[in-house]
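Residue-level structural notes
One letter stands for each residue in the lines below.
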Amino acid sequence: MYYLYENQDTLQSPYEAFLFDTTAEVFPIKPHWHYFVEMLYIIEGTAFIEVNQQECYASEGDLILFHAGDIHAIYSASGRHLRYMVLKFDCNRLSVSSNYTPRLSAILQYARKSGQVSSSFPAARLKDLRVRSRFETCIWEASHKNYGYDVRIHAEISSLLIEIIRLWQEDGLSMQELFTVRTETEATIHNITEYIDRYANETLKVKDLADMCHMSYSHFAKCFKEMYGRSCKDYLELIKIEKGEELLLFTDSSLSQISQELGFSDCSHFIRTFRKWKNATPGQFRQKQRGQ
């Protein structure tokens, strides 16, 4: 069987949220895998799902989580109409406030490797967790992109993952090992991404970031890609473009002003880089989002 790698759209945006209707989309979803995490919430019908050569069914009100790297496929169990909501996200972009709490991405990786927990949640276990409303909020925010939409989506996904982790703990998953073996390298690189986000408008070089982490260039580059699924150079570009997207959406600043604010060498460099990530020029993106 041929398994297809799906290029992650989260390189352009850390979150995707949408409603999938089998009568209007290409279906079934054939076996594939990707670097981002995906969650499905079934609204109508019964889905037959394959995950890493294991099979399960999901009906109305059920939730399915696909970890990064899971080979999965989705079919209709009866060949009938199927509707479900989808959340896709880069778990490495979800942060927690405490330095003593393992990152959500680390917990998900640990849970996946442990083999102790299920990633299928029946409707009865989700009672009172507002799962449907969380999905609906994310879909609305992703489609309207009003100010702060990414913060709202981030909050809803983080809250939903916390509820899932607590369900896993009820099933016997112990995270004591995660609290005791959090590596210095992981903590250091996690801190450097916060630095990148804070100083994204400056000219940051990968070598300088490696020096700040007291790591060789090659070791830093390898560790960074293992943790975030992309090179540090790409990550730097992505952060700049995401900030540029916000400036295009929520200010009337010219392209020249935005390129200067983001630390690009000139406006042409900003336009080329933006097109690389968004498949559109900054001007085209602004016109489309403003309905012009």
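Residues numbered from 1 in each chain as written. Predicted model: local features only at pLDDT ≥ 70, side-chain atom pairs only at ≥ 80, totals over all residues. Heavy atoms only, no water.

**Notes on the overall build of the protein**
When you go through the protein residue by residue, the secondary structure sums to 11 helices and 10 strands. Counting contacts in the protein only where the partners sit at least 6 residues apart, residues at least 24 apart contribute 73% of the total. Accessible area of the protein: about 15,300 Å², with a carbon and sulfur share of 48%. (Helix = DSSP H or I, 4+ residues; strand = E, 2+ residues; numbered from the N terminus. Contact = heavy atoms within 4.5 Å. Areas by Shrake-Rupley, 256 points an atom, 1.4 Å probe, with all protein chains shown as cover.)

**Some remarks on helix 8 (residues 232–250)**
Here helix 8 spans 27 Å end to end across 19 residues, near enough to the 27 Å set by a 1.5 Å rise per residue. Counted residue by residue, helix 8 has 14 buried out of 19 residues, so it is predominantly covered. (Expected span 1.5 Å × (residues − 1). Buried < 20%, exposed > 50% of the residue type's maximum accessible area, 1.4 Å probe, protein only.)

**Digging into the pattern of salt bridges**
Inspection of the entire model under this criterion finds 15 salt bridges. Arg125 is paired through a salt bridge with Glu170; the nearest N and O atoms lie 3.2 Å apart. With Arg125 in the loop between strand 10 (120–121) and helix 2 (131–144) and Glu170 in helix 3 (residues 149–170), this pair connects stretches of sequence that are 45 residues apart. A salt bridge links Asp171 to Arg125; its shortest N-O distance comes to 2.9 Å. With Asp171 in the loop between helix 3 and helix 4 (176–181) and Arg125 in the loop between strand 10 and helix 2, this residue pair connects regions lying 46 residues apart in the sequence. Given the relative accessible area of 41%, Asp171 is considered partly exposed. What makes Arg125 partly exposed here is its relative accessible area of 29%. Taken together, the shared-partner salt bridges connect Lys233, Asp234, Glu237 and Lys276 into one network. (Salt bridge = Lys/Arg side-chain N within 4 Å of Asp/Glu carboxyl O.)

**Here we look at the environment of Phe48**
Topologically, Phe48 is positioned in strand 5 (residues 47–51). For Phe48, a relative accessible area of 16% translates into the label buried. Phe48 sits 27 residues away from Tyr75 along the chain, and the two C-alpha atoms are 5.0 Å apart. Sequence-distant contacts of Phe48, defined by excluding residues within four places in its chain, comprise Glu55, Cys56, Tyr57, Ala73, Ile74, Tyr75, Ser76 and Ala77.

**Comments concerning unusual backbone geometry**
Residues Phe27 and Pro28 are joined by a peptide bond in cis, for which omega reads 5 degrees. Here Pro28 is to be found in the loop between strand 2 (15–21) and strand 3 (29–33). Despite not being glycine, Lys145 has its phi angle at roughly 50 degrees, a positive value. Inspection of the secondary structure puts Lys145 in the loop between helix 2 and helix 3. When its relative accessible area of 23% is taken as the criterion, Lys145 is described as partly exposed. If you check the backbone angles, Asn279 has positive phi at about 55 degrees while not being a glycine. The residue Asn279 is located in the loop between helix 10 (267–278) and helix 11 (282–289) in this model.

**With respect to the nonpolar core**
Generally speaking, a soluble globular protein has its nonpolar side chains buried in company with each other. By size, the foremost hydrophobic cluster in this structure holds 50 residues, and its most contacted members are Met39, Leu87, Phe89, Phe135, Ile157, Leu161 and Trp168. Ranked by residue count, the leading element in this core is helix 3, at nine residues. If sequence neighbours within four positions are ignored, Ile157 has contacts with Tyr15, Leu87, Phe89, Leu94 and Cys138. Membership of the second largest hydrophobic core comes to 19 residues, among which are Ile189, Val206, Cys213 and Phe224. (Core = buried A, V, L, I, M, F, W, Y, C linked by side-chain atoms within 4.5 Å.)

**A few points about the pairing of strand 7 (residues 63–66)**
Across the two faces of strand 7 the burial is the same, with Leu63 and Leu65 and Ile64 and Phe66 all buried. As paired elements, strand 4 (residues 37–44) and strand 7 share four bridges and run antiparallel to each other. Bridging from a neighbouring strand, Met39 pairs with Leu65 of strand 7. Bridge count for strand 7 against strand 10 is two bridges, and the pairing is antiparallel. (Pairing = 2+ DSSP bridges.)

**Brief notes about the packing of helix 8 against helix 10**
Contact geometry for helix 8 and helix 10: axes closest at 10 Å, N-to-C directions at 100 degrees. Relative to helix 10, the element helix 8 is oriented roughly perpendicular. Where helix 8 approaches helix 10, its residues Asp234, Glu237, Leu238, Ile241, Glu245 and Leu248 are matched on the opposing element by Phe270, Thr273, Phe274, Lys276, Trp277 and Lys278. Per-class residue counts for the contact of helix 8 with helix 10 are six nonpolar, one polar and five charged. (Axes fitted to C-alpha atoms, helices over the stretch in contact; angles between N-to-C directions. Parallel < 35°, antiparallel > 145°, perpendicular 65-115°, else oblique. Nonpolar A, V, L, I, M, F, W, Y, C, P; charged D, E, K, R; others polar.)

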